[in-house]
Amino acid sequence: MKQKKHMTRSEEFEIMKMVLDKFLWLGVGIMAYGFYKIISLDSGLQYGLMVMFTGAILLILFISLLVKEYHYVK
């Protein structure tokens, strides 16, 4: 029976950074889309602000996940 390899804390963190980077770009992209909708003439201000608010909530959610998961005392 093969034994599983275990990653060190720094290896876990490096992989998590690669994955989290994509989600953070997603949040920034959603906020940019909301800003575009605000400045474009075809949609209302309320819809653009709602999209930007959703992007901000997504970013706050991922930041809290990051702090919760990797906040440890040395």
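Everything numeric in this text was worked out from a predicted model, so none of it was measured.

Participant: Any chance you could explain the overall build of the protein chain here in plain terms?
Facilitator: Looking only at helices and strands, one finds two helices and zero strands in the protein chain. Taking 11 Å as the expected radius of gyration for a compact globule of 74 residues, we find that the protein chain reaches 18 Å, considerably beyond that expectation. Judged by the C-alpha coordinates and their principal axes, the protein chain covers about 60 × 30 × 15 Å. Looking at the 74 residues of the protein chain, the share that counts as buried comes to 18%. A separation threshold of at least 6 residues defines the contact pool for the protein chain, and within that pool the share at least 24 residues apart is 57%. About 6,600 Å² of surface is accessible on the protein chain, with carbon and sulfur atoms providing 71% of the total. Side chains of the protein chain carry 9 positive and 6 negative charges; the gap between the two charge centres is 6 Å.

Participant: Even after reading the chapter, I still don't get the side chain of Lys-37, so can you show me in this structure?
Facilitator: By the element assignment, Lys-37 lies in helix H1 (residues 9-39). Leaving out residues up to four positions away in the same chain, Lys-37 has contacts with Asp-42, Ser-43, Gly-44, Tyr-47 and Gly-48.

Participant: Before we go on, may I ask you to explain a nonpolar patch on the surface in this structure?
Facilitator: Residues Met-7, Ile-15, Met-18, Val-19, Phe-23 and Leu-26 make up a contiguous nonpolar surface patch of roughly 560 Å² in combined accessible area. Note on placement: Met-7 falls in the segment before H1. Using a relative accessible area of 45% as the deciding quantity, one classes Met-7 as partly exposed.

So, how was this worked out
- Residues numbered from 1 in each chain as written.
- Predicted model: local features only at pLDDT ≥ 70, side-chain atom pairs only at ≥ 80, totals over all residues.
- Heavy atoms only, no water.
- Helix = DSSP H or I, 4+ residues; strand = E, 2+ residues; numbered from the N terminus.
- Rg over C-alpha atoms; globule rule 2.2 N^0.38 Å.
- Buried < 20%, exposed > 50% of the residue type's maximum accessible area, 1.4 Å probe, protein only.
- Contact = heavy atoms within 4.5 Å.
- Areas by Shrake-Rupley, 256 points an atom, 1.4 Å probe, with all protein chains shown as cover.
- Lys, Arg positive; Asp, Glu negative; His and termini not counted.
- Charge placed at Lys NZ, Arg CZ, Asp CG, Glu CD.
- Patch = residues over 30% accessible without salt bridge, like charges linked within 9 Å, V, L, I, M, F, W, Y side chains within 5 Å.
- Salt bridge = Lys/Arg side-chain N within 4 Å of Asp/Glu carboxyl O.

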